[in-house]
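Geometric and topological summary
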Amino acid sequence: MTAENGNLYKPHIVTVTEVWEETPTIKTFRMVFDDPKVGDNFTFKAGQFGEYSVFGEGEATFCIANSPTRKGYIECSVKEVARMTHGLHLLDVGDKVGFRGPYGNWFPLEEMKGKKLMFIGGGIGLAPLRSLIQNVLDTRKDFDQVDIIYAARCEEEFVYKREIEEWKASSDCGLCLAVDPIPDQVCGDDVRVSFIPPILEEMKPNPKNRIVITCGPPIMIKLVTAKLEELGWPAEQIITTLEMKMKCGLGKCGRCNIGSTYVCKDGPVFTYEQIRSFPQEY
Amino acid sequence: MKMQKLSEDDIRAGLDKLSRETVVYAPMEQEGRLDFRKMEKGGEVELGARKTIMSAKKLFLPQAEELFSFKAGKHSVEMIDPPKDEEPLVLFACRPCEMRALEIMDKVFNWDYADFQWNERRARATIIVFACLEPLTETCFCNSLGIDSSRSDGADAIIYTTAEGFFARAHSEKGKKALKVFVGKDEEAPEFTTRDFPEKFNTDLQEKMMENFESPTWKEIAPACIGCGICTFVCPTCHCFDIQDEGGRRVRLWDYCTGADFTLMLAHQPRPTQYRRYRQKVMHKYSYYPTRFGEILCTGCGRCIDQCPQNIDFREVLKKCNRLAPAETGGEE
C-alpha cells in the first residue's frame with residue numbers, strides 16, 4: 001500500500017479509537033483509518049507488521065496485533081521504552097498516528113489448515129501470535145487441536161488478560177500459563193511456575209500433523225526450539241517471527257538484515273529451518 | 001574514433017554557459033576540501049586528477065533528506081510534500097567508480113518497492129564522467145573490482161584528459177544535449193587505456209566469507225575499528241539509512257552499521273561486539289549484497305582508506321578475508 005504520489009515514506013493517518021493498559025508498561029491501541037477509502041481497501045494477513053509514527057517523535061515497527069478477521073481497525077501493543085513509544089503511550093482516544101503497511105510476509109495459514117497448532121509465547125511476544133490466534137479461533141473449524149502456552153516474568157506481565165480469560169473459558173483451545181521461577185513468585189493456582197522448556201519436556205507434544213508457532217524473547221525462542229528438536233521436532237514445523245530493528249520496512253535501509261535476508265521483506269515469519277541457515281546474528 | 005576535442009578554456013566557458021541553464025555540481029575546493037559542490041563559475045571547477053573527499057552519493061541520497069513535513073494538532077495532522085527539485089541537474093567530472101556506485105545502488109532502491117526519491121534524482125541527472133586513465137591516488141583499487149576506468153558506459157558522457165587537451169563523447173541523448181554547450185571540433189581521438197594501476201587481488205569473496213562466518217580470524221580483520229562510521233559516510237555505495245523526526249519534518253539520514261546503535265533494540269543486541277559490526281560491513285559489501293543483487297557493494301574508490309582515523313586499510317582487510325579459515329574449535333566466543 002503506497003501513498004498516491006509514490007512517496008513510500010508518507011504514512012496513512014489513523015485515529016486512536018481505544019486504548020487499554022495490558023501491563024504497567026504495555027498498552028494496546030486500536031486505530032481506524034481516517035480516509036474511509038483507505039480503510040475499506042486495507043487488507044493484511046496475520047504476521048504482517050507496520051511502521052507506526054507519532055508525529056514529532058518518530059516512527060517504529062510493530063506487528064499488527066489483531067486478526068484480519070476482525071475488520072475495520074488495526075491494533076498494536078507497545079511497551080514504553082524510549083522516545084517514540086513514550087509519545088505513543090501519551091496518546092488518548094481521538095489522537096492521530098501515522099501508519100505505513102502492511103509489510104512483510106505472514107504466517108502460512110493455508111498450510112496450517114487441518115493441522116494441530118501449538119502456540120508458544122513469551123511476554124510481549126504474544127502480540128504477533130495473537131493476530132494468528134484470533135484468526136484461527138475465528139475460523140476454528142478449519143483446524144485440528146489448538147493449544148496455547150504463554151509465559152511471562154510474573155502474572156502482572158501477562159498481556160491480553162481479557163483474552164486469556166476468554167481462552168480459559170473456551171473449549172476451542174487448551175491453555176497453559178506460566179511465570180518465571182524467580183524468588184518470591186506469587187501467582188494463581190492455574191498458573192505454572194516454570195520456564196517453558198520443562199513444560200514441553202513434560203507434555204512431549206507429538207510433531208505428527210502439528211505445527212508450533214512461537215514468539216518471545218530471543219533466549220526463550222532459542223531454548224524452546226532446542227527443546228523441541230530434542231523431542232524430535234523437524235525444524236520446518238517450528239515457525240517464529242523475528243523482531244529485528246527496522247526503519248523503512250521496504251527492503252532498503254539495511255537495518256534488519258541477517259546475512260542476505262531482509263527480515264522486513266523475506267520475513268518476519270520464518271521456519272526454524274530457514275533461521276538455522278542464517279548467520280547466527282539475530 | 002572521432003570525439004569532441006576541447007581545451008581547458010572551452011570546458012570552463014561551457015560550464016559557465018551550462019550553469020546558467022541548469023544546476024551543475026562539480027568538484028570544487030573550499031577551505032582545502034575538494035567536494036562536489038553547486039557550481040557558479042566554470043573557473044572554480046577542479047579539472048585535474050584529484051579525488052573528492054565525499055562521493056557524489058549525496059546528490060542522490062542526501063545526508064539528510066526531508067521525506068515530508070507535518071503540522072500535527074491534537075486531533076489533526078497535515079502532511080506536506082517537500083519542495084520538489086524539478087530542475088535538471090548535471091553532475092560534472094565525477095569518476096567511473098562513482099557511476100558504477102549509482103548503478104550498483106539502483107538495484108537495492110528498485111528491487112521490490114521503487115524508491116521514489118532516489119529514482120527521481122537519478123532521472124533528472126545528467127552525468128558527465130571524467131575517465132581515470134591512471135589511478136587518482138595511491139589508494140585507488142577499482143581495477144580489483146573489475147572496473148575499467150577508461151570507460152563508463154552507464155554515464156551520459158565521458159571526457160578524457162590528455163596532454164593535448166580533452167576529448168569528450170556522449171553516450172546518451174542527455175549527454176549529447178549537455179555536451180552541446182561546449183565548443184570544439186570533432187577530431188580523431190587516440191586509444192584510451194589505463195596504466196599504472198596497482199596489482200589486482202581477488203575480491204570474489206561471497207562464498208568464502210559465508211563459509212567462514214564463524215572464523216575467529218574475523219577478530220583480527222580490523223581490531224582497530226572504533227566504529228566512528230567515517231568509512232560509511234565517504235563511501236559511494238553505503239546506503240543504509242535511519243528515519244527520524246526533526247521538528248516538524250520526517251527525515252531520512254545516513255546511518256552506519258559499524259555503530260552499536262544500528263541494531264540495538266530494547267533488550268537485545270544482535271551484534272554486541274565491534275568485530276561483529278565490522279564483519280557486517282565487510283560481508284554486506286562482499287557477500288550479502290552480491291548474493292542478493294549480483295553486485296559487489298564496493299567500487300574500490302579507496303575513500304575509506306583515505307579517511308580512516310585508525311589507518312585501517314580496506315585493501316588489507318580484503319586480503320585478510322582471502323585468507324579466512326574455518327574455526328578449529330567452531331563457534332563464537
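About the thresholds
Starting afresh in each chain, residues are numbered from 1 along the sequence in its written order. By the order in which they are written, chains take letters starting at A while ligands take numbers starting at 1. Two thresholds apply to this predicted model, a pLDDT of at least 70 for residue-level local features and 80 or more for giving and counting side-chain atom pairs, whereas whole-chain, interface and lining totals are computed over all residues. Starting at the N terminus, helices and strands are each numbered in turn, a helix being any DSSP run of H or I of at least four residues and a strand any DSSP run of E of at least two. Atoms counted for the radius of gyration: C-alpha only. Globule rule: 2.2 Å times residue count to the power 0.38. Put simply, a residue is buried when 20 or more other C-beta atoms lie within 10 Å of its own C-beta and exposed when 12 or fewer do; between those, it is partly exposed, and each C-beta is set from the backbone. By definition, residue pairs are in contact when their C-beta atoms, positioned from the backbone, come within 7 Å. Under the convention adopted here, Pro, Cys and the residues Ala, Val, Leu, Ile, Met, Phe, Trp and Tyr are nonpolar, Asp, Glu, Lys and Arg are charged, and Gly plus all remaining residues are polar. When DSSP locates at least two bridges between a pair of strands, those strands are taken to pair. Working convention: axes come from line fits to C-alpha atoms, limited for helices to the stretch in contact. Angles between N-to-C directions cover 0 to 180 degrees. The source of the domain bounds is an automatic or database domain assignment. By this rule the span expected of a helix is its residue count minus one, scaled by 1.5 Å. The arc in question is the one spanned by the directions pointing from the helix axis to the C-beta atoms.

With that out of the way, let us pick up the overall build of chain A. If you tally the helices and strands in chain A, you get 9 helices and 15 strands. Relative to the globule expectation of 19 Å for 282 residues, the C-alpha radius of gyration of chain A, 18 Å, shows essentially globular dimensions. A buried classification covers 49% of the 282 residues belonging to chain A. Considering only contacts in chain A between residues 6 or more positions apart, those separated by 24 or more positions represent 69%.

The subject of this paragraph is the interface of chain B and chain A. Listed by partner, the interface residues are 40 residues for chain B and 34 residues for chain A. Among the residues forming the side of chain B that touches chain A, the class breakdown is 23 nonpolar, 8 polar and 9 charged.

When strand β1 (residues 2–6) of chain B meets strand β10 (residues 186–188) of chain B, the two strands line up antiparallel, connected through 3 bridges. Across the sheet, residue Gln4 of chain B finds its bridge partner in β10 of chain B, namely Asp186 of chain B.

Our focus in this paragraph is the sheet that holds strand β5 (residues 74–79) of chain A. Residue and element names in this part refer to chain A. Strand order in the open sheet formed by 6 strands is β4-β3-β6-β1-β2-β5, with antiparallel pairing between adjacent strands. On the outer flanks of this sheet lie β4 (58–63) and β5, each paired with one strand and no other. When the angles between neighbouring strand axes are averaged without regard to direction, this sheet yields 40°.

Residues and elements named next belong to chain B. Under the domain assignment used here, chain B contains domain 1 (2–188) and domain 2 (206–322). Using only C-alpha atoms to locate each centre, domain 1 and domain 2 end up separated by 25 Å. Looking at the side of domain 1 that touches domain 2, the elements that each hand over two or more residues are β4 (64–72) and α2 (96–108). Residues that form the side of domain 1 that touches domain 2 fall into these classes: 19 nonpolar, 6 polar and 7 charged.

Residues and elements named next belong to chain A. Under the domain assignment, chain A is made up of domain 1 (12–103) and domain 2 (109–241). The straight-line distance from the C-alpha centre of domain 1 to that of domain 2 is 24 Å. Every contact between the two is made by 16 residues of domain 1 and, on the other side, 16 residues of domain 2. Looking at the side of domain 1 that touches domain 2, the elements that each hand over two or more residues are β1 (12–23) and β5. Grouping the amino acids of the side of domain 1 that touches domain 2 by side-chain chemistry returns 7 nonpolar, 6 polar and 3 charged.

Within the secondary structure, Pro36 of chain A is located in helix α1 (residues 36–41). Each C-alpha atom of the pair Pro36 of chain A and Gly72 of chain A lies 9.7 Å from the other, and the pair is 36 residues apart in sequence.

Residues and elements named next belong to chain B. An ideal rise of 1.5 Å per residue puts 20 Å on 14 residues; helix α1 (residues 8–21) measures up with 20 Å between its terminal C-alpha atoms. Residues of α1 that are buried include every one of Asp10, Ile11, Gly14, Leu15, Leu18 and Ser19, and no others. Burial along α1 is one-sided: seen end-on, the buried residues are contained in an arc of 160°. Across α1 from its buried face, at more than 90 degrees, point the exposed residues Asp9 and Arg20. Elements in contact with the buried residues of α1: β1, β2 (23–30), β6 (89–94), β9 (165–170) and α4 (173–179).

We now examine unusual backbone geometry. Residue and element names in this part refer to chain A. Residues Gly101 and Pro102 are joined by a peptide bond in cis, for which omega reads 0°. Relative to the elements of secondary structure, Pro102 occurs in strand β6 (residues 96–103). Cis geometry is adopted by the peptide bond preceding Pro268, which originates at Gly267 and carries an omega value of 10°. Looking at the secondary structure, you find Pro268 in the loop between α8 (263–266) and β15 (269–271). Phi at Tyr160 is positive, roughly 55°, even though this residue is not glycine. One can find Tyr160 in the loop between β8 (146–152) and α5 (161–169). For Asn209, which is not glycine, the phi dihedral falls at a positive 55°. Positionally, Asn209 belongs in the loop between α6 (196–203) and β11 (210–215). Judged by the 11 C-beta atoms lying within 10 Å of it, Asn209 falls in the exposed class.

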